[in-house]
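Structural characterization, general
Residue strings, one per chain:
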Amino acid sequence: MSCTGVTFSEALRPSLLDPPDLKAGLAAGLAAARARTLALLEPVPDEDLVAQHSPLMSPLVWDLAHVGFFEELWLVRRVGGEAPLLDRDELYDAFRHGRSERAALPLLTPREARDYVDRVRERALAVLERVELDAGDPLLRDGYVFAMIAQHEQQHVETMLATLNLRAAEYPFEDPAPPVTARRPPPEQLVDGGTFLMGTDDRSRAYDNERLRHERHVDAFWIDTLPVTNGAYLEFVEAGGEPPQFWSREADGSLVRTRLGRRERLPLDEPVQHVSWRQADAFARWAGRRLPTEAEWEKAAQGARPGNLAERFGPAPAGSDPDGASDWGVEQLLGDVWEWTASDFEPYPGFEAFPYAEYSEVFFGDGYKVLRGGSWATHPAATRVTFRNWDFPVRRQIFAGFRTARDG
Ligand SMILES: [Fe+2]
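Residues numbered from 1 in each chain as written. Predicted model: local features only at pLDDT ≥ 70, side-chain atom pairs only at ≥ 80, totals over all residues. Heavy atoms only, no water.

Topic: the sheet that holds strand 5 (residues 247–249)
Filter applied, for reference: Pairing between strands is defined by DSSP: at least two bridges between them are needed. Put simply, DSSP H or I for four residues or longer makes a helix, DSSP E for two residues or longer makes a strand, and each gets a number counted from the N terminus. Angles here are taken between N-to-C directions and fall from 0 to 180 degrees, while the axes themselves are lines fitted to C-alpha atoms, restricted in helices to the stretch in contact.
Across the sheet, which stays open at both edges, the three strands sit in the order 5-6-7 with antiparallel pairing between neighbours. Either end of the sheet is taken by a strand with one partner, and the two such strands are strand 5 and strand 7 (262–265). Taken pair by pair, the neighbouring strands of this sheet meet at an average axis angle of 40 degrees, ignoring direction. Bridge count for strand 6 (residues 255–259) against strand 7 is four bridges, and the pairing is antiparallel. From the neighbouring strand, R257 faces strand 7, where its bridge partner is E264.

Right, here's the structure in full:
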């Protein structure tokens, strides 16, 4: 299926993610990300790699070369101290051109981009081989910058999946049959009030915006055990609420959703996705509830285990992963769909930008809402209970749903 000999799902096998020593682990993380990128793009024809499928998204070939450029910048130039391999820095700097302008730039062709990312990787692995990872430099401590590059590439795979979802043509994918569940857990869980430790002090994998770990008080609250489903959201739509992106009606009146270009009957038991923050907030108010704050979400998620992160091409049915429940009995927090929270994206007390201000700092403020948890398109290397994602409150092309809460 893939020119690398590794398929999209094989790229996620634990053996590739859990090797014996630090340098081997970092190299395996980079290899897993690359295998996933190449396997994802392999069935896409060149004309669809260079096309602009939506003004919200870059051409896929831009993401591919940008992943290589970011790796070159940090691993080859900065850590390795080597000369540039590419003389077109401004094309692949995410802050120089808006996504909608990128198809018109003199980008590398798909073949050149694949060749470029290969050459960068060869140099990056040689740098990894020779550097000291226990040096005093916080970039290198525990291999931080190498893990950051793998994490960045995995995040772009999710971005590319969102682009492929907006493409008119169908993307060829096969999903295992959805897990069958007839469970009906209690609809909501009570989380006690009090202080808890929010964020992390980890400097080996976490991003700057997850630090510092700090005490946060929340009052007691109730939170949905499961994410809001398509079936529940449909009741809101029938009461006049705005439907999610990618829903439509057939001539016979039945509801379908389009997934990676494939039309399917709307699965009522799946978590709803492709809703904006505004839609999620409107649903919650219609239901007499509210969105949880970011702090409430993180407290409710203490002890949650990952499920359906990069395992399927869509969310698993609500209620199908009781084993992943948090200490508070809340399910499907890490995986399936990102979850909108009520909160703006703000720094934690003691925040320091690291290793560059453009990852988080320039986005702080009331323009963005925080999402938590990770979706079916998120790799386990690119989320955790403390991970913070953010987007504009009107966006719905991302794989985002939500759950609701109320005061305790
Ligand atoms: Fe990027």
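Examining the layout of surface pockets
To find leftover empty space, one rolls a probe the size of a water molecule over the atoms. The test is simple: Only protein atoms enter the 1 Å grid used here, on which a cavity is any set of points holding a 1.4 Å probe that cannot leave and a pocket is any open set flanked by protein within 12 Å on both sides along at least five of seven lines; residues with an atom within 4 Å of a point are listed as lining. Grid points are joined across faces, edges and corners, and a volume is the space filled by probe spheres set on the points.
Counted as a void, the largest pocket has a volume near 1,300 Å³. Forming the boundary of the largest pocket are 44 residues, of which R99, H156, T159, F363 and W390 lie nearest the centre. Elements with a contribution of two residues or more to the lining of the largest pocket: helix 4 (60–79), helix 7 (144–166), strand 9 (365–372) and strand 10 (389–391). Roughly 590 Å³ of internal volume is contained in the second largest pocket. Every residue lining the second largest pocket is counted, 24 residues in all, and those nearest its centre are R184, P187, L226, P227 and T229.

A short note on the coordination of the iron ion
By definition of the ideal shapes, a tetrahedral metal site with four donors has angles of 109.5 degrees and an octahedral site with six donors has angles of 90 or 180 degrees. Condition: Sites may look incomplete because water is not among the atoms; the donors themselves are N, O and S atoms within 2.8 Å of the metal, or within 3.2 Å for Na, K and Ca. Throughout, exposure labels follow a simple rule: accessible area from a 1.4 Å probe, protein chains only, divided by the maximum for the residue type, with under 20% read as buried, over 50% as exposed, and the rest as partly exposed.
Protein coordination of the iron ion is provided by H66 (NE2), H152 (NE2) and H156 (NE2), with donor distances spanning 2.2 Å. Read in sequence order, the donor residues coordinating the iron ion give the pattern H-x85-H-x3-H. One end of the pair is H152 and the other is H156, both in helix 7 and four residues apart, which spans about a single turn. The pair H152 / H156 is uniform in exposure class, with both members buried.

Shape descriptors only; they carry no functional weight alone.
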